[in-house]
Amino acid sequence: MHAQDTTALEAGFQATVAADQRIEPRDWMPDAYRASLIRQIAQHAHSEIIGMQPEGNWILRAPSLRRKAILLAKVQDEAGHGLYLYAAAETLGVDREELTEKLIGSRQKYSSIFNYPALSFADIGVIGWLVDGAAICNQVPLCRCSYGPYARAMIRICKEESFHQRQGYELLLSMVKGTDAQRLMVQESVDRWWWPSLMMFGPPDGDSPNTLQSMEWGIKRHTNDELRQRFVDMAVPQAEVLGVTLPDPDLRWNPERGSYDYGEPDWAEFKAVLKGSGPCNSERLARRRRAHENGAWVREAAMAYAAKQAGRAGQADGTGQADRALDPANEEATV
Ligand code: FAQ
């Protein structure tokens, strides 16, 4: 392609982003924009799928049928979110299988938060309140992301995340109205999840290599620190209603800023978790790998079924594909 063609395409891309319109899969886009979107959407999709594990672990131990049904529905929703997001990534020219291979080969990241264990049923409430709450703060602006398929997936995901957050908060409200032991369980859980939830927003702005460019491209609309602050300001009054304390001695209202000041998360711990040394990294990946291997027969069956359907369609339109599908040498296609 001529340099002047690329310049014109680049100008068209920039104008679309500047006008706050959406870039669609068939539109020209810079290679780096495509790569950055694949990076972020894949990491997001992996997070939803790995994120099923801490809560999934409690489905069989939920204390009532109602709590079990709610938790089951929530964990299923996370699987659905993963699927929408893998589908959005595929519109950028990558294959879901390839992304899964990268995840299980530790070549792509997923959110740090899912490397912490869910140790009590209060964690189910706290994950809903804080983890889904942080996810909503981070993801609502992504509904206006410049890439159309990602923005549209996020609209649906955010609606479901709101339900997740409310179910978590409602569970905690029930627990804090219960016994002293239940209140203690909630406080202990909040103490463990507060700081990891703040880390979900990513490194501080000064250490975030991707933010500036992502904001110029209209992928991200706010910096990591802006969203973290929004989350803190939302969570503090909610903690007061629950009657729990947040484990941060530096947390106080700053009337000049009209926001809460808060302490510094342990960024050394964050980096260690990203490098694979969090409490559950190896367990989460091992389980994902096992699930992928155990699902091989489902993928094979789906491929065989698709080949059979294509064969039937080929027979109907006279291309003869059906003959190939029925060839005993191609046994897979005739299953
Ligand atoms: N964990 O330059 P930045 C959920 C990586 S879904 C792991 O600031 P960026 C729903 C980052 O990728 C939760 N890695 O990066 C749910 C980059 O690495 P790379 C997931 C992290 O992209 C609830 C490097 O550090 N949500 O919870 C993290 O501008 C309950 C430098 O960072 C999303 O993925 C982290 N916390 O900003 C499910 C939302 N933070 O690729 C189940 C979409 C940063 O250069 C149960 N993603 N990194 O090697 C985003 O908004 C952004 O990608 C950020 C990071 C904000 C996560």
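Fair warning: this is a prediction, and the values are worked out from it, not measured in the lab.

Rules behind the numbers
- Residues numbered from 1 in each chain as written.
- Predicted model: local features only at pLDDT ≥ 70, side-chain atom pairs only at ≥ 80, totals over all residues.
- Heavy atoms only, no water.
- Helix = DSSP H or I, 4+ residues; strand = E, 2+ residues; numbered from the N terminus.
- Buried < 20%, exposed > 50% of the residue type's maximum accessible area, 1.4 Å probe, protein only.
- Contact = heavy atoms within 4.5 Å.
- Phe/Tyr/Trp six-rings, centres within 6.5 Å; stacked < 30°, edge-to-face > 60°.
- Lys NZ or Arg CZ within 6 Å of the ring centre and 35° of its normal.
- Axes fitted to C-alpha atoms, helices over the stretch in contact; angles between N-to-C directions.
- Parallel < 35°, antiparallel > 145°, perpendicular 65-115°, else oblique.
- Left-handed = near helix turned anticlockwise from the far one by under 90°.

Visitor: Could you clarify how one ought to interpret the environment of Met234 in this entry?
Guide: Following the sequence through the fold, Met234 ends up in helix H10 (residues 224–242). Given the relative accessible area of 26%, Met234 is considered partly exposed. Residues Met234 and Cys137 lie 97 residues apart in sequence; the distance between their C-alpha atoms is 9.2 Å. Among all residues touching Met234, those that are not within four sequence positions of it are Gly133, Cys137 and Gln165.

Visitor: I'm lost on the packing of aromatic side chains in this one. Help?
Guide: Applying the stated criterion across every chain yields a total of nine aromatic pairs. With a centroid separation of 6.0 Å and an interplanar angle of 65°, the aromatic rings of Trp58 and Phe121 are classed as edge-to-face. With a gap of 63 residues between them, Trp58 in the loop between helix H3 (52–56) and helix H4 (65–90) and Phe121 in helix H6 (residues 121–139) connect regions that are remote in the sequence. Comparing Trp58 with Phe121 shows no difference in burial state: the two are buried. Within the aromatic cluster, the residues linked to one another by ring pairs are Phe13, Trp28, Tyr33 and Trp217. For the cation-ring pair, Arg61 lies above Trp58, with the distance from its terminal atom to the ring centre recorded as 3.9 Å.

Visitor: What exactly am I supposed to notice about the packing of helix H2 (residues 31–50) against H4 here?
Guide: Each pair of packed helices gets described by two things: the angle between the helix axes and the distance between those axes. Axis separation between H2 and H4 bottoms out at 8 Å; the angle between their running directions is 160°. Taken as axis vectors, H2 and H4 run roughly antiparallel relative to one another. Where H2 crosses over H4, the two elements pack in a sense that is left-handed. Contact residues: H2 offers Ile41, His44, Ala45, His46, Glu48 and Ile49, while H4 offers Glu78, Ala79, His81, Gly82, Leu85, Tyr86, Ala88 and Ala89.

Don't take any of this as a statement about function, it's just geometry.
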